[in-house]
Amino acid sequence: MEHNLSDTMALLTRTPAALDALLRDLPEAWTLRNEGEKSWSAFDVVGHLIHGERTDWMPRARMILEFGETQAFARFDRWAQARESEGKTLGQLLDEFAQVRAENLGELRAMNLRREGLERRGRHPVLGVVTLSQLLATWAAHDMTHLHQISRVMAHQYREAVGPWSKFLGVLQCAGHSAAP
């Protein structure tokens, strides 16, 4: 499947509501527990998504359009949510994510991108040359990665409670895939 901007935006528009429907007002046993050392809870993932909205997707899109390949993106801090989410509730994070995502999608729509804009190239500090189209497709796939991660982390809480059914539950067999390279 090739990248399609309107399809990407349709998916990105739905992520905040999907997270809100899944997570809001759940007991903390579901939202604050993780899978062990150096893993994230649902709370952490929402904080990570907010950090990405503020420092990754649209800032990098603007950089590509303004500077092309002449300036590399700033490195992304994959653990920034720990300090940025401190003292906040999950409800506050869900509201913040919905707000910043709506602002970013409004800005993306206003860019009125066409084929030549989507083909513009930028420079990732690790991956090298990337296109704006690739960045935007990654934004959508990143959302799906973290939706999957949240379902996996939450299912992990019942890994023993399900008993022998665990062998039929693929989400409990998943070894994860969100670690940094």
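The following refers to the structure shown. As the structure is a prediction and not an experimental result, all values here were calculated from the model.

Things to note about the environment of Q92
Assignment of secondary structure puts Q92 in helix α6 (residues 90-110). The exposure class of Q92 is partly exposed, given its relative accessible area of 42%. In the structure, Q92 is positioned 68 residues away from R24 in sequence and 9.8 Å away in space, judged by C-alpha atoms.

What about helix α3 (residues 42-55)?
Look at α3: 20 Å from first C-alpha to last across 14 residues, which is about the 20 Å you get at 1.5 Å a residue. α3 sits mainly inside the fold: 11 of its 14 residues count as buried. Of all the residues in α3, the buried ones are A42, F43, V45, V46, G47, H48, L49, I50, H51, G52 and E53. Structurally, α3 contributes buried residues whose contacts are with α1 (5-23), α2 (28-31), α4 (57-67), α5 (81-84), α6 and α8 (132-156).

A few points about the side chain of H142
If you trace the backbone, H142 turns up in helix α8. Looking at H142, the relative accessible area reads 17%, which means it is buried. In terms of polar contacts, H142 uses its side chain to reach the side chain of H48, at 3.0 Å. Residue contacts for H142: discarding those within four places in its chain leaves H48, L49 and W57.

Examining α1
With 19 residues, α1 extends 28 Å from end C-alpha to end C-alpha; this agrees with the ideal 27 Å at 1.5 Å per step. Along α1, the largest kink reaches about 30° and is centred on T15; proline P16 follows within four residues of it. Looking only at α1, the buried set comprises L5, T8, M9, L12, T15, P16, L19 and L23. On the buried face of α1, the contacting elements are α2, α3, α6, α7 (115-118) and α8.

Considerations on the packing of α6 against α8
In the contact formed by α6 and α8, the axes pass within 14 Å of each other and the chain directions differ by 155°. One element, α6, and the other, α8, form an angle in the roughly antiparallel class. Seen from above, α6 lies across α8 with left-handed handedness. Packed against α6, whose contacting residues are R101, N104, L105 and L108, the element α8 presents L136, W139 and D143 at the interface. Per-class residue counts for the contact of α6 with α8 are four nonpolar, one polar and two charged.

What counts, and where the lines are drawn
Residues numbered from 1 in each chain as written. Predicted model: local features only at pLDDT ≥ 70, side-chain atom pairs only at ≥ 80, totals over all residues. Heavy atoms only, no water. Helix = DSSP H or I, 4+ residues; strand = E, 2+ residues; numbered from the N terminus. Buried < 20%, exposed > 50% of the residue type's maximum accessible area, 1.4 Å probe, protein only. Expected span 1.5 Å × (residues − 1). Contact = heavy atoms within 4.5 Å. Polar contact = N/O pair within 3.5 Å; in protein donor to acceptor, adjacent residues only side chain to side chain. Bend = angle between axes of the 7 residues up to and from the residue. Axes fitted to C-alpha atoms, helices over the stretch in contact; angles between N-to-C directions. Parallel < 35°, antiparallel > 145°, perpendicular 65-115°, else oblique. Left-handed = near helix turned anticlockwise from the far one by under 90°. Nonpolar A, V, L, I, M, F, W, Y, C, P; charged D, E, K, R; others polar.

These results come straight from atomic positions and should not be treated as a statement about function.
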